[in-house]
Structures are given as C-alpha cells and as structure tokens.
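# Breakdown of the fold
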Amino acid sequence: MGAPAKADVARLPEPDVAREWLATMTLIRRFEERAGEMYARAKVGGFLHLSIGEEATIVGSARALRTTDYLVSTYRSHGHALVRGTPPEKVMAELFGRVDGCSRGRGGSMHMFDLERRFMGGYGIVGGNLPIAAGVALASDYTGTDEVTLCTFGDGACNQGTFGETLNLAALWRLPVVFMVTNNQFGMGTALQRHSAVTDLRRKGEGLGVPGMSCDGMDVLDTHAVLSWAVERVRTERRPVLVEAITYRFRGHSMADPEQYRTKEEVAQWRERDPIPAFGELLLGAGVLDERQREQIDADAVARVDAAVQFAESSPHPEPDSLYDDVYVLDRARWGTYSVKTTDPQAHPSSPAERQRDDAAQAADGADEIPQQMSDALLLGEEAT
Amino acid sequence: MGAPAKADVARLPEPDVAREWLATMTLIRRFEERAGEMYARAKVGGFLHLSIGEEATIVGSARALRTTDYLVSTYRSHGHALVRGTPPEKVMAELFGRVDGCSRGRGGSMHMFDLERRFMGGYGIVGGNLPIAAGVALASDYTGTDEVTLCTFGDGACNQGTFGETLNLAALWRLPVVFMVTNNQFGMGTALQRHSAVTDLRRKGEGLGVPGMSCDGMDVLDTHAVLSWAVERVRTERRPVLVEAITYRFRGHSMADPEQYRTKEEVAQWRERDPIPAFGELLLGAGVLDERQREQIDADAVARVDAAVQFAESSPHPEPDSLYDDVYVLDRARWGTYSVKTTDPQAHPSSPAERQRDDAAQAADGADEIPQQMSDALLLGEEAT
Amino acid sequence: MSELRYRDALGAALREELHRDERVLLMGEDIGVFGGAFKVTAGLLEEFGERRVRDTPISENTIVGMGVGAAMSGLRPVVELMTINFSLLAFDQIVNHAAHIHYMFGGQVRVPLVVRMPQGAGHQLGPTHSHCLEALFLHVPGLLVAVPATAADAKGLLKSAIRDDNPVIFIEHESLYGVRGEVPDSEEHLVDFGRARVSREGSDVTIVAVSRMALTAERAAAVLADEHGVQAEVIDPRTLRPLDLDTILASVRKTNRCVIVEEGWPHGGVGANLAALVCEQAFDDLDAPVARVSGADVPMPYSKPLEDIAYPHEPQIVDAALQTLGAAGSR
Amino acid sequence: MSELRYRDALGAALREELHRDERVLLMGEDIGVFGGAFKVTAGLLEEFGERRVRDTPISENTIVGMGVGAAMSGLRPVVELMTINFSLLAFDQIVNHAAHIHYMFGGQVRVPLVVRMPQGAGHQLGPTHSHCLEALFLHVPGLLVAVPATAADAKGLLKSAIRDDNPVIFIEHESLYGVRGEVPDSEEHLVDFGRARVSREGSDVTIVAVSRMALTAERAAAVLADEHGVQAEVIDPRTLRPLDLDTILASVRKTNRCVIVEEGWPHGGVGANLAALVCEQAFDDLDAPVARVSGADVPMPYSKPLEDIAYPHEPQIVDAALQTLGAAGSR
Ligand SMILES: Cc1ncc(C[n+]2csc(CCOP(=O)(O)OP(=O)(O)O)c2C)c(N)n1
Ligand SMILES: Cc1ncc(C[n+]2csc(CCOP(=O)(O)OP(=O)(O)O)c2C)c(N)n1
Ligand SMILES: [Mg+2]
Ligand SMILES: [Mg+2]
C-alpha cells in the first residue's frame with residue numbers, strides 16, 4: 001500500500017482516538033463473523049443481517065455524535081449497538097435469544113435496543129425508523145436540549161413513503177436530525193439503479209428542503225469528517241441534513257443469500273477497499289500504530305467476542321411464564337382483560353415425549369425439513385438438497 | 001382591461017376551440033355554484049368540495065389530452081368529470097345520490113367516475129390516486145398504446161408518502177403519466193408554507209427523477225400550453241413529468257369552512273384574476289367572441305345546469321335491496337358466503353311511524369341537532385347556534 | 001357537573017392535560033389554525049402556542065411514527081387523525097411500531113402515545129370517510145382501545161388515555177360530537193379503562209353496545225320497556241382493550257340473553273369477538289344464541305336511503321332482543 | 001398427479017397463468033433477479049422477461065395501488081408482498097381502494113388484483129416478521145381471502161384467484177413452502193373459492209383449522225383417534241371470504257362439538273368470527289361451547305422457547321377437543 005498520502009495523515013484524529021476507531025471497527029467485524037458462525041451452528045435463529053464491509057460508515061458516523069445524542073438504526077444494527085457501547089455480551093445474548101440480551105431475547109438480530117446509551121433501536125420494517133427518529137429529534141427540540149439524532153437506513157429505504165414524509169416534516173419543523181443513507185448498492189437483491197430513478201442519493205432530499213452530501217463510506221476518516229460537519233451544522237442551524245455514505249455489503253443480504261444478483265468480481269473489487277485493513281495501513285504508515293498494537297487490537301476483539309459467546313451461552317432462555325410480560329405497561333391498579341388467553345402458554349409441550357412428537361410433526365410440515373442451521377436458507381427458499 | 005397583449009392573442013387556439021374552453025369553464029362554474037345551492041337546500045349531502053377559481057387548471061389541462069388518454073382526479077372532481085364530457089345530468093344526479101348518477105349514487109361528490117370517457121375517478125383519500133394513476137399508465141405501457149394518463153392532486157397531497165413512491169416508480173419504469181399539482185395555496189386550512197418545506201412545487205420531483213415545470217393556473221392558455229408540451233413529451237419520451245399549476249380556491253375547502261386561515265383581502269386579490277372573465281375579455285379583445293355570444297355561453301351553461309338539476313330531482317333513489325349489489329363481482333356459479341348479513345337491510349325502518357321515531361332518535365343523539373343542510377357545518381364543528 | 005357537548009368535553013380534557021403536564025403536545029392535520037376538522041381542538045393553538053399544538057402536513061404514517069418516537073423519548077403526544085379511515089395509512093406505525101415496541105425491546109421503553117380519531121356513518125360521507133374500524137384495532141395486542149359514547153366518558157377516558165403509559169387508540173364518533181351530557185367538573189375526573197358502564201339495569205336481556213350504538217341501544221331499551229314490557233340491561237364496555245368481560249358476563253348470567261350492537265362490519269367485528277367470549281364463558285347460562293346487530297357488510301354508500309339502512313337503528317335492536325326472548329325455552 | 005412442494009405448486013400456478021393470459025403480470029420486491037424472498041417466483045423472470053415479471057422498489061402502498069390501477073385498466077396483476085407484516089403499509093390501498101372501488105363507482109369498473117403474501121411464525125423472525133393477520137382482511141367487504149394449506153390448494157386457489165374479477169388477498173404460510181403434496185397436473189385444476197376441504201371425516205368433534213393449522217389439526221386428529229379413540233372431523237375452510245359455512249354447520253350438526261384453530265391473535269380473530277357464526281347458526285346443536293385454540297395474544301417474541309409456546313401445536317388442539325367432549329352432557 002505504500003506511504004499514506006499526506007492529506008490523509010493530516011486528517012487523522014488524536015492517536016488514541018484513531019486507535020479506538022480501528023479497535024471498534026475490528027470488534028464489529030469479529031463480532032459479526034462470529035455471529036455468522038453461531039448462526040451456522042444454530043445458536044442464532046431468524047434472520048441475521050451482517051454489515052461486514054460497512055464498518056467505516058458505522059464508526060465514522062457514530063463517533064461524530066456526543067454521548068447525549070441519539071442513534072436510530074435498522075434491522076442491520078449489531079454494529080450500531082456495539083459502537084454506542086452496548087456490551088458485546090448483551091448483543092450476542094440477544095442473538096442467542098437469552099434473557100440477558102439487550103432486548104431480553106424478544107427482538108433478536110433485527111431489534112437491538114439500549115436506552116441507556118441512547119441507541120434508540122433497530123427496526124425490522126424498512127423505512128419504519130425514519131418517523132421514529134424524527135420523533136426523537138422532536139422531543140430533543142421540544143425540551144430545548146441541543147441533542148442531535150442520527151438516523152441510518154439503506155438505499156432501498158429511500159423509496160419508502162416515510163422517506164419523503166419525514167424529510168419534509170423534519171425540514172419544515174427544523175428538527176435536529178441527520179438522515180444517513182448507508183448506500184451499500186443494493187436493497188436485498190435489487191441493485192440501486194434498478195430500484196431508484198435517481199442514483200445520486202444526496203439529491204433525494206432536494207425537493208424536500210433537506211440539503212445533501214456524500215462521503216466515502218469505505219473511509220472512516222472521510223465518513224467521520226462529513227458526518228461531524230453534518231451533525232454540528234444540524235446542532236447549530238437546526239435543520240436536517242441528508243448524508244449518503246457510499247459503501248458495499250461484502251456478505252449476502254442475510255445468511256443464505258445465493259447472491260446471484262452480482263458478480264464475484266464486483267465483490268472482490270470492493271473487498272480490496274475493505275475499510276479495516278485500509279485504516280490499519282494508514283495508521284501504520286502514519287506511525288500512530290505499530291504491527292504489535294495492530295495484532296493486539298485484533299486479539300482483544302477476538303477475546304471480547306469469545307467472552308460474549310460464553311456469556312450468551314450461559315445466559316438462560318426466557319421463562320415460559322414471561323411470555324405475557326411487557327405486552328402492556330401495567331404499573332398500577334388495573335381492571336379489565338388486557339390479553340385474551342385462549343391458549344395457556346404453560347400448556348404447550350414441555351415433557352420430552354411431547355417435545356419429540358412435536359418435532360416430528362414440525363418435520364412433517366416442512367419447517368424442519370432442513371437442518372435448523374439452514375432455517376434462513378429455508379426462508380429464502382434455498383433448500384439443503 | 002383594455003386590449004389584450006399581442007402575445008396572448010398569438011397564443012389563442014382556433015376560435016371554435018377557444019369558445020369551447022370558455023364554455024366549459026363557464027359550465028363548470030355554473031354547475032358548481034348550483035351544486036352549492038343544492039347543498040344549502042339539503043339536496044346534496046356529505047362533503048361538497050368546489051373548484052371555483054380553479055377552472056382554468058381543469059380545462060387547460062384536460063384539453064391537452066386526447067379522448068383516448070386517461071384522467072385521474074381527487075375528491076374535488078366535478079369539473080374533471082364535466083370536462084371529459086360526462087353529462088352534467090349524471091354528475092348532478094350523483095350529487096343527489098340517485099341511481100342515474102355517474103357512480104349510481106354510491107360515491108357522491110368525492111367519487112365521480114366515467115369509464116367510457118376515460119375519467120378514471122375521483123378519490124377521497126389524499127394521495128391515494130397517485131399509485132392508481134401510475135397503474136393506469138402501466139397498463140397503457142404494457143399494452144403498447146401511446147395513451148397518456150394525467151393525474152391531478154393538490155399541494156397538500158405532495159406530502160403524502162405515495163407521492164415520493166409513485167414518482168420514483170413512474171420515472172424508473174418510464175411510465176406515461178403527467179403528475180399535475182393543482183397548487184391552490186392550501187391543504188384545507190393549512191397554507192402551503194406551513195405544510196411544505198419546499199414551496200416551489202415544481203422542485204418536488206427533483207430527487208425522484210421527475211422533471212418539473214409550472215404554469216399559471218389562472219390562465220387557461222398558459223395551462224394548456226404547458227400541459228400540451230408535458231403531455232406530448234411524456235407521450236413520446238415516455239418519462240413522467242411534474243407540472244405545478246398555480247391557482248387559488250375562491251370558496252372554502254368544503255361548504256362550511258369559516259376560512260379563518262386567510263384574509264378577505266387575499267381572496268379578493270386572487271378573485272381579480274378570476275380565470276373565466278379574464279379569458280372572456282381576451283376573446284372579446286381578440287375578436288373571437290362578441291358580447292352576445294358571451295352571454296349566450298353563460299345562458300347555455302345555466303340552462304344546462306337547470307336541466308341537470310331537473311334530471312337529478314326526477315332520478316330515483318337506489319332501491320334498498322340494491323344495498324349489497326356490486327360489493328362483489330358475482331358473474332358465474334358461486335359458492336360460500338360472501339357477505340355476512342346480521343342485519344337485513346329490508347328490516348330497517350320504512351313505515352312512517354318507525355321513520356318518525358328514528359328521526360327523533362337521531363335528533364336526540366345530535367346527528368340532526370342542526371338542520372340537515374348544515375350537516376357539513378356539523379361535521380366541521382360549526383354549529384348553527 | 002356541567003352540561004357539555006361531547007366535542008367540548010374532549011376539548012376540555014385536552015386543555016386540562018396540556019395545562020397539567022408540560023410533556024403533553026398535540027399533533028395533527030388542521031388541528032391548529034383551522035381549529036380541527038370537527039373543532040375538538042378549537043382554541044388550543046391560541047392558548048398553548050405552536051410548540052404544543054402542531055399543524056402537520058398530510059402524512060399520516062409519519063405523524064403517528066413521530067408520535068411514537070417522541071413518546072419513546074419521554075413526551076406524551078396526542079395525535080389526531082382526521083377520521084379513522086385515514087388511520088389505514090398509519091397502520092404500519094400503529095401496529096408494527098406503537099403496539100409492539102414496548103414488548104420487542106424487552107420492556108425498556110414505553111410508548112405513551114394517544115391516537116385520537118372519529119369514525120362513523122350518518123352524514124353521507126361515502127365509502128372513504130364513513131367506516132367504523134374498531135375491530136381492526138382491538139385485534140392487536142399492545143394497544144389499548146377506547147370507544148367513548150358519552151361526554152363524561154369522552155373526557156374521563158381521554159384524560160386517562162393521556163396519562164396511561166401504553167399506546168391508546170382513542171375512537172370518537174362523528175355523530176356524537178354535538179351531543180350534550182353531564183360532565184364532572186373536577187380536573188381529576190378520570191374514567192378507568194376496563195370498566196364497563198351499565199347505562200340501564202334490567203333482568204330480561206343484556207344489550208352490549210359500543211361507541212355511538214350505546215346511545216341507540218339505550219333508546220331501543222326504552223322502546224322494549226315501553227312497548228314490549230321487556231327490561232333490558234344496557235352495557236357500554238367503554239374500552240375494548242382492556243375489556244370488562246366480568247360485567248358483561250355477570251349481566252348475561254342474570255338475563256340469560258345477550259344482544260351485541262356495533263356499527264361496523266359484522267365479519268370478524270366487535271360483535272363476533274364478544275359473542276365468542278360470551279358463548280365460551282357463559283354457555284350454560286344462555287337461553288338463546290347471542291344475537292348480533294351490526295352495520296351492513298358493505299362499503300358505506302353515499303346515497304342517503306342506502307346509508308340509512310346500512311347501519312343499525314333501534315328497530316333492529318328491538319327485534320334482535322325480542323328474538324332472543326322468543327327463542328327462550330325453545331331448546 | 002405430481003408431488004410438488006407448496007412453493008413450487010404456487011410457482012406452477014403463476015407460470016401457467018402467465019402463459020394462458022397475456023394480461024397477467026407479476027410485481028413485487030425481489031421477485032425477479034433475486035427469485036423471490038421465498039423463491040416462489042424463481043425462474044419466472046428468465047422465462048417471461050422484465051415486462052411481465054417486475055422487481056419493484058420497496059414501496060408497498062404504491063405497488064399495491066399500481067396493481068389496483070392496472071387492474072382497473074384491464075390487466076390482471078399479481079402483487080407479491082414479501083410478508084404479510086408489510087401489508088400494513090399497503091392497508092390504505094387494499095381497504096380504501098382495492099376493496100371498495102367496484103362498489104363505490106357503482107359497479108362500472110372491476111379490480112381483478114391478487115395480493116400474495118406469506119405469514120406465520122416458527123422461524124424466530126420476531127415481532128415485525130411473524131404475525132398471522134388474516135383476521136384484518138376477512139373483516140373487509142369487497143375482498144376475497146384465501147388461506148391455502150396444501151400444495152394442491154395453493155395451486156388451484158391461486159389460479160382461481162388470478163381468474164377472479166374481485167380483489168383477492170392470497171395468504172400463504174412460510175412454514176408450508178417446503179411441504180410436499182399431490183397436485184393435479186391439469187392446467188385447468190382450479191379450486192373454487194367458498195368450498196371447504198374436509199380432510200378427515202369423523203363423528204365426535206368438528207375441528208375447523210385455517211392456513212398452516214389445518215395440517216397441525218390433522219395431526220392432532222390422528223392423536224385423538226390413536227390415543228383417545230375420538231373421531232374428529234377436520235375442516236379447512238380454504239377461503240375466509242367467501243366462507244363455506246354450510247360445510248362447517250353440517251359437520252357441527254353431526255358432531256355437536258366444535259374446535260376452531262388459528263395461529264393468529266385471539267381477540268377478534270378468525271376463531272372469534274367462526275365461533276360467533278357457529279353459535280348463532282347451530283346453537284341448539286352444540287353440546288359444549290365452541291372451543292378456540294389460537295396464537296398467544298402477544299407480539300411474536302424472537303426467543304425460540306417463547307415463540308414455541310406462542311402458537312398452537314397438536315397438544316392444545318387435542319386438549320381443546322377433549323374438553324368439548326368432557327363437557328358433553330354437563331348442561
Ligand atoms: C416494509 C418492508 N418491506 C420489505 C422488507 C423486506 N426487506 C428487508 S431488508 C430489505 C432490503 C432493504 O434494503 P436497504 O434499505 O438498501 O438496506 P440494506 O439491507 O441494504 O442494509 C427488504 C426488502 C421489510 N423488512 N420491510
Ligand atoms: C389520507 C387523507 N388524509 C386527510 C384527508 C382529509 N382531507 C381532505 S382534503 C384535505 C386537504 C388536501 O389538500 P390539497 O391536497 O392541497 O387539495 P385541495 O383540497 O386543496 O384541492 C384533507 C387534509 C383525506 N381525505 N385523506
Ligand atoms: Mg442497501
Ligand atoms: Mg390545495
């Protein structure tokens with residue numbers, strides 16, 4: 001890679017800060033790689049959407065925020081929880097569906113949450129998080145604080161009705177929110193130019209009163225610089241901004257994606273720009289990092305992820321009788337029937353014999369025709385045969 | 001008013017055509033004035049949204065279409081039905097809720113329809129008509145015709161999610177549809193600058209791949225010129241266009257609107273630009289029309305509206321046992337229960353005694369606390385007291 | 001006590017709660033400068049200003065979604081949708097978000113949001129503006145659903161809704177806005193969710209009726225008493241989630257007959273739900289099948305005579321009640 | 001007859017109808033290049049090209065609305081929504097438009113639109129991707145609602161849906177896509193709407209079960225026969241609008257007992273609706289209250305053990321059936 005450009009070095013933050021960025025990107029990468037393995041081993045169910053390749057967009061943007069600022073994300077949000085400081089243990093436990101998960105095992109991969117760290121959640125409905133983020137920003141504005149909300153979503157989400165509705169309202173009411181499109185070139189298997197008439201996504205806010213800008217989402221420095229400018233502008237001028245972070249998703253949309261919609265060459269080309277080695281090289285070249293430190297950062301990340309898996313493994317599953325907890329906030333004397341229990345959760349199969357019979361039944365109806373670890377494949381229609 | 005500018009005269013179409021435009025604008029005006037009277041006399045129920053002041057946008061745009069082109073409108077659509085050639089009798093009968101109405105009395109003011117004349121309907125849901133219009137255009141494209149669809153909606157509708165969704169899709173799929181914003185400065189009581197961050201509505205399609213242009217919606221010539229250009233461009237280039245027609249609603253949003261959101265002066269100023277006298281003067285000055293003809297046009301319109309009222313008065317109400325007709329298309333042997341009839345429509349009050357008791361009851365629950373002709377006022381909360 | 005219109009009782013509830021709690025704010029289309037399509041919010045913009053009373057663009061899904069986000073951040077937003085028909089545009093935010101966020105994030109965050117909207121036929125507003133859709137909401141766990149029928153309940157339930165930590169779907173009725181009723185003056189006049197109102201006692205047949213139909217049922221009960229010597233007990237559940245099934249069952253155990261009255265569609269409606277519950281829980285107490293009276297199973301037509309027969313009036317309720325009595329002993 | 005997976009039976013129906021009728025076209029997110037989230041449409045883009053098989057942006061309300069407009073103009077669009085949960089974004093176009101246009105325009109225009117989408121729990125997809133929402137659709141007059149449980153029905157009902165002139169909500173089930181079944185080969189294999197399927201005859205108790213639960217109920221019936229000597233009649237209504245109430249009532253008149261099984265939420269669900277209808281129409285024939293087995297009244301949790309107990313399995317159905325029998329004669 002050779003010596004880093006002077007300009008890049010000049011943009012570097014304090015060495016400690018730079019190393020922390022690298023460490024966090026590495027943690028996210030290692031965490032998600034491990035999550036993928038755990039998924040293959042059926043420790044994790046449902047969908048698992050990884051942001052591998054997009055780490056610079058996550059760290060570069062979140063580090064432009066103050067701890068009092070808010071972050072709102074999508075179903076692709078492990079990294080967003082981690083960057084805000086949610087312990088990897090709690091994120092992994094959520095993937096495992098355990099009580100110590102950051103959503104107590106209720107949400108899974110798509111629905112991480114950490115109120116304390118102002119990570120206001122991952123949302124499974126494409127476009128559903130935009131109005132929510134604007135509402136969070138409204139609350140900041142209403143209470144007269146200078147908090148900013150960062151709302152991230154994908155290129156595909158720009159086509160959802162809430163995009164136009166929310167940007168207009170945020171501009172009209174001068175809400176302190178930064179809208180960040182993580183343009184990873186695809187909405188699932190549909191390439192940008194096949195889902196959006198305008199592919200220069202900065203321009204998407206033009207008719208809505210929201211100015212736009214882009215950053216190189218493979219470069220944590222550029223992402224951080226542009227987002228910092230955007231966040232501070234929003235904080236002081238109190239008008240929303242739209243930032244497009246141009247990046248690429250290295251893995252499939254979710255775990256069993258056959259990726260027939262793109263070529264191996266295209267993926268390989270983007271992988272050459274992998275943001276983590278690139279930033280590592282830059283720091284090495286700038287003398288901010290030595291090889292030993294770099295290895296240590298990686299080893300620390302791996303160790304932390306090991307601990308997270310161990311923690312998740314040992315965390316209990318939710319108790320059956322917690323099924324109805326938190327459907328409602330029931331904090332004072334209450335009357336009436338809130339929930340209709342025509343089936344009693346306790347009555348479900350629990351004895352081994354019953355469980356076995358049920359498993360057989362499941363197999364017969366196709367749910368488990370395919371090994372558990374391929375359940376995503378089943379859902380995506382790719383069968384084991 | 002003096003002599004018309006040379007430029008205006010140069011823009012005039014053939015004399016016959018010009019007189020037809022004036023006649024149609026006049027018919028729409030007279031029709032709606034009478035509809036308002038009929039509403040005050042409780043011949044018309046529900047909501048009645050008049051386009052008085054906006055006639056040039058209706059005639060100027062619709063006359064840019066071929067008879068094989070489609071028109072899709074909103075709940076403010078009497079003029080759109082009339083301009084397409086739906087007989088005033090059928091439009092008035094619809095307002096009266098009679099079987100000879102153009103929607104057989106089922107739709108009312110907000111839901112006019114005339115398949116034969118390719119008037120694809122008025123829709124009561126703000127923004128709901130945009131995807132439908134795109135679907136109509138899709139069908140034209142799919143079947144390889146060169147038909148164009150004109151979709152009209154209000155300034156307020158631009159904030160509905162379907163606006164962004166539909167414009168993007170239409171641009172992406174190159175659908176032959178002209179989106180026309182009738183910018184009458186208000187969405188109900190909310191002024192443009194209070195509901196839209198960008199008030200130059202031409203620009204609303206910029207981030208969506210739909211180029212925009214404006215026309216003077218108080219000038220039928222300008223409206224026609226711009227729409228003709230847009231329609232033909234769409235027909236040949238097969239890419240959607242957004243046209244903003246700048247106009248003003250002279251009357252309230254619907255019948256009982258107290259109009260506290262604007263000043264009398266503002267209304268008076270716009271009324272000076274009333275498109276019908278303005279165009280009449282122009283034709284007089286250009287020698288295309290004489291005073292007698294002008295009066296005749298008006299007298300014809302009034303006579304036609306008289307006939308429409310008479311027709312509507314004498315058209316019967318739908319029969320009670322037609323209540324369940326056309327919920328479903330049931331055109332061949334059918335099984336199963338389509339509709340659940342827990343109340344039999346025949347069993348409803350019909351004897352005078354029952355009817356009387358029911359009326360009293362209605363009064364007691366407030367529905368008729370206020371005279372029938374003020375029902376809109378009730379709905380708008382303005383009570384008779 | 002003061003005599004207030006239903007509309008003004010709602011307005012008073014909003015005014016009092018805006019005064020009481022700085023976190024309360026209102027959002028909706030034309031609620032401010034225009035004063036509200038049905039004038040419930042009239043005067044509130046003038047009194048509380050643009051910060052607390054907010055006119056919005058026509059963007060139903062986003063207005064509700066912003067309410068969700070603001071509620072998650074500690075505010076107590078009250079969103080008005082102009083009519084319940086337009087709530088279908090906001091169904092994603094109501095169901096996938098408002099209703100489920102508390103549960104899906106493991107109880108960490110609350111969504112104290114109120115979505116107010118009127119429903120109902122009777123004014124020839126046609127097939128896009130007249131439906132009664134409470135059944136769509138009562139189906140969804142995580143929502144509370146209120147259907148006040150009187151001015152006192154309108155005020156008391158709305159105040160309770162604003163103070164509740166759960167998302168509340170608050171369904172008003174267009175034909176009730178002008179109806180007057182006695183309303184307690186106290187600013188602490190709250191009506192609890194999950195407690196039915198027995199508006200008339202009787203021993204012969206139980207009539208459960210929701211929203212505007214609660215009043216129609218009362219008039220039907222008067223006819224039953226006057227003309228048929230039948231003493232009907234009339235119950236207005238007030239809220240559909242939570243549901244005061246106990247009060248309904250106690251009455252059915254007494255009368256052994258039950259009629260359910262709703263204005264909405266019959267297939268999968270409120271009546272179906274209540275009938276199923278009553279049949280399940282009080283099967284041995286029923287001397288006749290639970291009767292349902294509902295709106296016709298059609299999109300609401302504009303035509304006056306068709307609209308008239310498309311939703312229930314007293315005669316259908318009277319007939320249904322008499323039928324349950326006629327059926328007595330037939331088993 | 002061929003043995004086909006449910007998924008492939010649906011694919012075959014689409015392929016045959018695309019061949020048969022030039023007016024048929026498919027639209028949906030990732031149905032083309034990606035081959036469909038659940039691979040139902042795999043291969044169709046290659047076979048029919050971009051004109052007939054259209055990948056759309058993520059714009060649910062507009063995709064459905066374009067389907068409405070195209071259907072009004074003479075096409076026969078089949079729209080796929082990736083899961084039923086996302087249909088809540090399109091609820092306005094489905095209810096206010098697709099369902100009501102034929103009626104509201106006085107019968108002048110038809111909306112031969114099919115909206116296909118899968119529902120269902122079992123794969124830990126959590127609270128935004130797992131719900132069964134058929135009850136929301138069956139409530140709405142103007143819609144037809146199909147809930148096929150077998151490969152043969154999937155194919156036959158989908159072909160009928162595409163040929164029908166009404167808007168059809170076609171609800172598939174994610175857990176059924178991999179299940180094989182015998183499917184008639186004929187291109188004219190149509191299954192009529194409104195005709196229930198009696199999958200097992202029996203005289204002791206009637207079990208009505210919808211969507212995936214029809215299979216679970218069959219297995220429960222086997223257990224009832226093998227372990228309890230109880231002969232259950234199992235009925236799959238196949239469509240909820242129109243509803244083949246006659247077949248259900250005939251069975252109940254024979255067995256005098258009824259259990260209804262659904263995967264969705266209980267309050268205002270399919271079970272409530274059927275229970276109300278059965279109690280109304282066959283009150284005197286019932287020897288026990290109609291029993292309902294349903295999904296738990298909660299947003300679907302991600303946790304595997306919680307998800308497992310949040311929707312019905314055979315034991316609950318067996319228990320419910322035995323309960324209706326135990327209750328026999330207790331009146
Ligand atoms: C309303 C809705 N429609 C469809 C889906 C299914 N879906 C999940 S992710 C996805 C693609 C989103 O693409 P993009 O916004 O670019 O985000 P990315 O996955 O690339 O991060 C789709 C269609 C969904 N979850 N919600
Ligand atoms: C989805 C929806 N929301 C709200 C309404 C109530 N409403 C009817 S007209 C209107 C204002 C629309 O303004 P605009 O689009 O500018 O059209 P105009 O009335 O000025 O012609 C509103 C809010 C509605 N009919 N549909
Ligand atoms: Mg993407
Ligand atoms: Mg307007």
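This one's a predicted model, so the numbers in the text were calculated from it and none came from an experiment.

Time to look at the overall build of chain A. A count of helices and strands for chain A gives 14 helices and 7 strands. Residues counted as buried form 62% of the 385 residues belonging to chain A. Sequence separation of 24 or more characterises 73% of the internal contacts of chain A that already satisfy a separation of 6 or more. In the form shown here, chain A has an accessible surface area of approximately 13,400 Å², with 50% of it arising from carbon and sulfur atoms.

Helix α3 (residues 55-62) of chain B sits mainly inside the fold: 8 of its 8 residues count as buried. For α3 of chain B, the complete set of buried residues consists of E55, A56, T57, I58, V59, G60, S61 and A62 of chain B.

Taken together, 22 residues form the shell around ligand 1, and within it Y75, R76, G156 and N184 of chain A together with E60 of chain D come nearest. Residue neighbours of ligand 1 fall on chains A and D, so the site bridges chains. Measuring from an oxygen atom of ligand 1, one finds a side-chain N or O atom of R76 of chain A at 2.8 Å. Burial of ligand 1 by the protein amounts to 96% of the accessible area it has alone, namely 580 Å².

Below, the discussion takes up the coordination of the magnesium ion (ligand 3). Residue and element names in this part refer to chain A. For the magnesium ion (ligand 3), the full set of protein donor atoms is D155 (OD), N184 (OD1) and F186 (O), at a range of 2.0 to 2.1 Å. Taken in chain order, the donor set of the magnesium ion (ligand 3) reads D-x28-N-x1-F. Of this pair, D155 sits in the loop between β2 (149-154) and α7 (161-172) while N184 is found in the loop between β3 (177-183) and β4 (186-187), placing the two residues 29 residues apart along the sequence. Take D155: its relative accessible area is 1%, and that puts it in the buried class.

The next thing to look at is the coordination of the magnesium ion (ligand 4). Geometrically, a metal with four donors at the corners of a regular tetrahedron has ideal angles of 109.5 degrees, and one with six donors at the corners of a regular octahedron has ideal angles of 90 or 180 degrees. Donor atoms from the polypeptide that bind the magnesium ion (ligand 4) are D155 of chain B (OD), N184 of chain B (OD1) and F186 of chain B (O), placed at 2.0 to 2.1 Å. Coordination of the magnesium ion (ligand 4) draws on donor residues from a single chain, spaced D-x28-N-x1-F in sequence.

Right, let's get into the pattern of salt bridges. Residues and elements named next belong to chain D. The tally for this structure, following the rule as stated, stands at 109 salt bridges over all chains. Across the pair E16 and K155 runs a salt bridge whose closest N-O atoms are separated by 2.7 Å. Placement of the pair is E16 in helix α1 (residues 6-20) and K155 in helix α7 (residues 151-163), with a sequence separation of 139 residues. Accessibility classification places E16 together with K155 in one group, the buried group. We note a salt bridge from R238 to D153, for which the minimum N-O separation is 3.0 Å. Separated by 85 residues along the polypeptide, R238 in the loop between β11 (232-236) and β12 (239-241) and D153 in helix α7 bring together distant segments of the chain.

Applying the stated rule across the entire model yields 28 aromatic pairs over all chains. For the pair F153 of chain B and F163 of chain B, a centre-to-centre distance of 5.9 Å together with 75° between the ring planes defines the contact as edge-to-face. Taken as a pair, F153 of chain B in strand β2 (residues 149-154) and F163 of chain B in helix α7 (residues 161-172) lie far apart in primary sequence, 10 residues in all. The residues F153 of chain B and F163 of chain B share a single accessibility class, namely buried. Chaining the aromatic ring pairs together yields one cluster made of F186, Y248, Y261 and W270 of chain A together with F34 of chain D. In this structure, R106 of chain B is placed above the aromatic ring of Y103 of chain D, and the distance from its NZ or CZ to the ring centre is 3.9 Å.

Moving on, we come to the domain arrangement of chain C. All names here are of chain C. According to the domain assignment, chain C contains domain 1 (2-183) and domain 2 (197-330). Each of domain 1 and domain 2 has a C-alpha centre, and these two points are 27 Å apart. Tallying the contact residues gives 33 residues for domain 1 and 28 residues for domain 2. Here domain 1 meets domain 2 over a buried area of about 2,400 Å², counting both sides, of which 60% is carbon and sulfur.

Surveying the vicinity of ligand 2 reveals 22 residues, the closest of which are Y75, R76, G156 and N184 of chain B together with E60 of chain C. Those residues lying near ligand 2 are distributed over chains B and C. In isolation ligand 2 has 580 Å² of accessible area, and contact with the protein removes 96% of it. Grouping the amino acids of the shell around ligand 2 by side-chain chemistry returns 10 nonpolar, 8 polar and 4 charged.

Attention now moves to the packing of helix α3 (residues 60-72) of chain C against helix α4 (residues 91-98) of chain C. Residues and elements named next belong to chain C. At a minimum axis separation of 7 Å, α3 and α4 run at an interaxial angle of 25°. Comparing their axes, α4 and α3 come out roughly parallel. Counting all contacts with α3, which are made through N61, V64, G65 and V68, the residues of α4 involved are F91, D92, Q93, I94 and A98. The residue inventory of the contact of α3 with α4, partitioned by class, reads 5 nonpolar, 3 polar and 1 charged.

What counts as what
Residues numbered from 1 in each chain as written. Chains lettered and ligands numbered in written order. Predicted model: local features only at pLDDT ≥ 70, side-chain atom pairs only at ≥ 80, totals over all residues. Heavy atoms only, no water. Helix = DSSP H or I, 4+ residues; strand = E, 2+ residues; numbered from the N terminus. Buried < 20%, exposed > 50% of the residue type's maximum accessible area, 1.4 Å probe, protein only. Contact = heavy atoms within 4.5 Å. Areas by Shrake-Rupley, 256 points an atom, 1.4 Å probe, with all protein chains shown as cover. Near = heavy atom within 4 Å. Polar contact = N/O pair within 3.5 Å; in protein donor to acceptor, adjacent residues only side chain to side chain. Donors = N, O, S within 2.8 Å, 3.2 Å for Na, K, Ca; no water. Salt bridge = Lys/Arg side-chain N within 4 Å of Asp/Glu carboxyl O. Phe/Tyr/Trp six-rings, centres within 6.5 Å; stacked < 30°, edge-to-face > 60°. Lys NZ or Arg CZ within 6 Å of the ring centre and 35° of its normal. Domains from an automatic or database assignment. Buried area = accessible area lost by both parts, 1.4 Å probe. Nonpolar A, V, L, I, M, F, W, Y, C, P; charged D, E, K, R; others polar. Axes fitted to C-alpha atoms, helices over the stretch in contact; angles between N-to-C directions. Parallel < 35°, antiparallel > 145°, perpendicular 65-115°, else oblique.

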